[in-house]
Amino acid sequence: MAFPKNFLWGGATAANQAEGAWNEGGRGPALTDVTTGGTKDTPRYITFIDKDGKPGFKKKHDKLPEGAKYAVLKDQYYPNHLAIDQYHRYKEDIALFAEMGFKVYRMSISWSRLYPKGIEEVPNQEGIEHYRDVFKELRKYNIEPLVTIWHFDTPLYLEEEFDGWNNRKLIDLYVRFAETCFREYKGLVKYWLTFNEINNSMPQPVRDGSTPLWRYQEGLQQLHYQFVASAKAVQIGHRIDPENMIGCMICGICYYPATCDPKDILWNRHMWEEKIFYCSDVQCKGSYPTYAKRMWKKYNVNLDITEEDLEELKKGTVDMYTFSYYMSQNVTTHDGMEKVGGNMSSGTKNPYLQYSDWGWSTDPSGLDYYLEMIYDRYEKPIMVVENGLGAFDTLEEDGTVHDPFRIDYFREHIKAMDLAIENGVDLIGYTTWGCIDVVSAGTGEIRKRYGFIYVDVDDLGNGTLNRYRKDSFYWYKKVIENNGNLENL
Ligand code: BGP
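Notes on the structure in this doc start here. (Residues numbered from 1 in each chain as written. Predicted model: local features only at pLDDT ≥ 70, side-chain atom pairs only at ≥ 80, totals over all residues. Heavy atoms only, no water.)

Turning our attention to the site of the ligand. Near the ligand there are 16 residues, and of these Gln17, Glu197, Ala441, Lys448 and Tyr450 occur at the shortest range. In this structure, an oxygen atom belonging to the ligand sits 2.5 Å away from a side-chain N or O atom of Glu197. One of the side-chain N or O atoms of Lys448 is found 2.7 Å from an oxygen atom in the ligand. Considered on its own, the ligand offers 380 Å² of accessible surface; in the complex 99% of this is hidden by protein. Class assignment of the residues belonging to the shell around the ligand gives a composition of 7 nonpolar, 6 polar and 3 charged. (Near = heavy atom within 4 Å. Polar contact = N/O pair within 3.5 Å; in protein donor to acceptor, adjacent residues only side chain to side chain. Areas by Shrake-Rupley, 256 points an atom, 1.4 Å probe, with all protein chains shown as cover. Nonpolar A, V, L, I, M, F, W, Y, C, P; charged D, E, K, R; others polar.)

Next up, the structure:
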């Protein structure tokens, strides 16, 4: 058993998926608050009122029509408004995390709770105090907070009036928000992540031209502004408290070539470069990699990058690499293979793997592969900050929830981490995703459950919101007690 003595075991959530209280405590709306629920097969829609006052729906990547304003429509349900109401129930949730023996809890700060529109000079004091209380509560149980500064929730005002991250001005607005976090929570928080799954802004590379080129132009430009914002935040974070450990956060997919056709091998390498390494090479090494030029040419992009930006990138490299890991994906240049979806990604079906009810593959070996590959590239401490199985759960009449499939999933992934550590990877922590059930980011469902803790609420917000311990709760408690030794577990 290779886990170091001070290994950070815990779980993860995000503000917009857990807190609820979307219009309380002085909070302003975020894009997630005008996003409806969907399912595996139906998308979530973003709602608006068009210039003639008619309600409208758009998909995530569609443009907001000219003259339209984002709006909450009366006859629609918005799952993030209530989520699991953690804003009011955080003490109960933290007590349950403590009961499992958590050493760390990953959560995010809602930008619009601190800066309701994103443009204010002075933050909303009620928001500041809320998170201070949460961090103090965690500290009471010796749980280390791990804080994501941006987790998919740019204030809606900035989306509407500034066109979100397409606008360079977002850099300074984000930096102000990040600086407030570092200053206010100095001494309470040491571990920070600047942007959740930053690489999701990079559209999936396709061979058939089905993704319009403007999306690469926008995606890569947004990424550049986020890299600069992250680099500036890292420098400020270090200045405010040299103890701060600040990380990047990558949506980690382990890509495999579907065949041994050399074209597939090369396509697979490009997939790693474009989807996985592009962001972390900049954030860990401080400059754009060689293959960036190939990508910019291929996608015909013309980026606003200044000399000062490049200086900032150099000075603001991160202290650690963190990532989410759910699955691997097969990629190919061949047509006709069965297609599959996944966490912000797609590929072809891998006959050697099992797939979840939402069509995500389960591949623990891919986690070891990924960890060893990444450590070798950056040689920085690593944390797996999301991992888990989204599945249906049944609350029994006696308040129990039997989820052996989830335990099996975690057991195999913990074994993979054990192996990676044994092989030399400096893995310092593990926070499972949705340690308490939360609203799914992809589908907006709550029935896609990841938690050790069941929350009694359905996709339309019906339920008591009471919390129940699943079988996996007791199992993970033992894993932490044994520091990852899985003998007899
Ligand atoms: C990641 C996000 C999380 C989370 C998770 C599971 O992409 O960082 O916010 O939700 O994936 O995805 P989903 O909720 O779509 O099942």
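Among the 7 residues in strand β15 (residues 427-433), 7 count as buried, and that is most of the element. Of the pairings in the sheet, the one linking strand β1 (residues 8-12) to β15 comprises 5 bridges and is parallel in character. In the sheet register, Gly11 faces β15, and the bridge partner there is Thr432. Two strands pair when backbone bridges link them, and strand β14 (residues 382-386) and β15 are joined in this way by 3 bridges, in the parallel orientation. Bridging across to β15, Met383 finds its partner in Gly429. Of the crossover connections in this fold, the one passing from β14 over helix α13 (residues 404-422) to the parallel β15 is right-handed. (Buried < 20%, exposed > 50% of the residue type's maximum accessible area, 1.4 Å probe, protein only. Helix = DSSP H or I, 4+ residues; strand = E, 2+ residues; numbered from the N terminus. Pairing = 2+ DSSP bridges. Right-handed = clockwise from strand over helix to strand, strands pointing away.)

Put simply, helix α7 (residues 169-184) and helix α8 (residues 213-240) touch, their axes get as near as 9 Å, and they point 25 degrees apart. Classified by the angle their axes make, α7 and α8 are roughly parallel. Here α7 and α8 pass one another in a crossing that is right-handed. The residues of α8 that touch α7, namely those facing Ile171, Asp172, Tyr174, Val175, Ala178, Glu179, Phe182 and Arg183, are Tyr225, Val228, Ala229, Lys232, Ala233, Ile236, Gly237 and Ile240. Residue classes in the contact of α7 with α8 are distributed as 11 nonpolar, 1 polar and 4 charged. (Axes fitted to C-alpha atoms, helices over the stretch in contact; angles between N-to-C directions. Parallel < 35°, antiparallel > 145°, perpendicular 65-115°, else oblique. Left-handed = near helix turned anticlockwise from the far one by under 90°. Contact = heavy atoms within 4.5 Å.)

The next subject is the pattern of salt bridges. Evaluated as defined, the whole model comprises 35 salt bridges. The partner of Glu218 in a salt bridge is Lys63, and the shortest N-O contact between them spans 2.3 Å. Here Glu218 is found in helix α8, whereas its partner Lys63 is found in the loop between β3 (55-58) and β4 (69-70), with 155 residues between them in sequence. Between Asp304 and Arg168 there is a salt bridge whose closest N-O contact spans 3.0 Å. In this pair, Asp304 sits in the loop between α10 (291-298) and α11 (307-315) while Arg168 sits in the loop between α6 (156-162) and α7, placing the two residues 136 residues apart along the sequence. For Arg168, a relative accessible area of 28% puts it in the partly exposed group. Here the salt bridges do not stand alone but share partners, grouping Asp393, Asp403, Arg406, Asp437, Arg449 and Lys470 into one network. (Salt bridge = Lys/Arg side-chain N within 4 Å of Asp/Glu carboxyl O.)

Our focus in this paragraph is the environment of Ile428. You can see Ile428 is positioned in strand β15. What makes Ile428 buried here is its relative accessible area of 18%. Leaving out residues up to four positions away in the same chain, Ile428 has contacts with Phe7, Leu8, Met245, Met320, Pro381, Ile382 and Met383.

Across soluble globular proteins, you tend to see nonpolar side chains buried next to one another. Tyr174, Tyr185 and Tyr321 are the most contacted members of the largest nonpolar core, which totals 134 residues. Take this core: its biggest share by element is 12 residues, from α8. Not counting residues up to four positions away in its chain, the partners in contact with Tyr185 are Ile109, Leu114, Gly127, Ile128, Tyr131, Arg132, Phe135 and Trp192. Formed by 10 residues, the second largest nonpolar core is a distinct cluster that contains Leu8, Val104, Leu146 and Met383. (Core = buried A, V, L, I, M, F, W, Y, C linked by side-chain atoms within 4.5 Å.)

Attention now moves to the sheet that holds β3. Here 3 strands make up an open sheet; going across it, the order is β3-β2-β4 and the pairing antiparallel. The sheet terminates laterally at β3 and β4, the two strands that pair on one side only. As paired elements, strand β2 (residues 46-49) and β3 share 4 bridges and run antiparallel to each other. The residue bridging Ile46 from the neighbouring strand is Lys58, located in β3.

Summarising burial for β1: 5 of the 5 residues are buried, a large majority. As judged from the 3 bridges shared by β1 and strand β5 (residues 104-108), these two strands associate in the parallel manner. Along β5, the bridge assignment pairs Gly11 with Tyr105.

A complete count under the given rule lists 43 aromatic pairs for this structure. Geometrically, the ring pair formed by Tyr278 and Tyr288 is tilted, given 5.7 Å between the ring centres and 45 degrees between the ring planes. Here Tyr278, found in helix α9 (residues 262-285), pairs with Tyr288, found in the loop between α9 and α10; they are 10 residues apart in sequence, far enough to count as distant. Take Tyr278: its relative accessible area is 0%, and that puts it in the buried class. (Phe/Tyr/Trp six-rings, centres within 6.5 Å; stacked < 30°, edge-to-face > 60°.)

Attention shifts here to the side chain of Glu137. Structurally, the position occupied by Glu137 is in helix α5 (residues 125-140). Excluding anything up to four places from it in sequence, Glu137 contacts Tyr90, Lys91 and Ile94.

Glycine aside, negative phi is the norm for most residues, and most peptide bonds take the trans geometry. Of note in this structure, Glu197 is not a glycine but carries a positive phi near 40 degrees. Along the polypeptide, Glu197 turns up in the loop between β7 (191-195) and α8. The phi torsion at Leu465 lies on the positive side, around 65 degrees, for a residue other than glycine. Relative to the helices and strands, Leu465 resides in the loop between β16 (453-455) and β17 (467-469).

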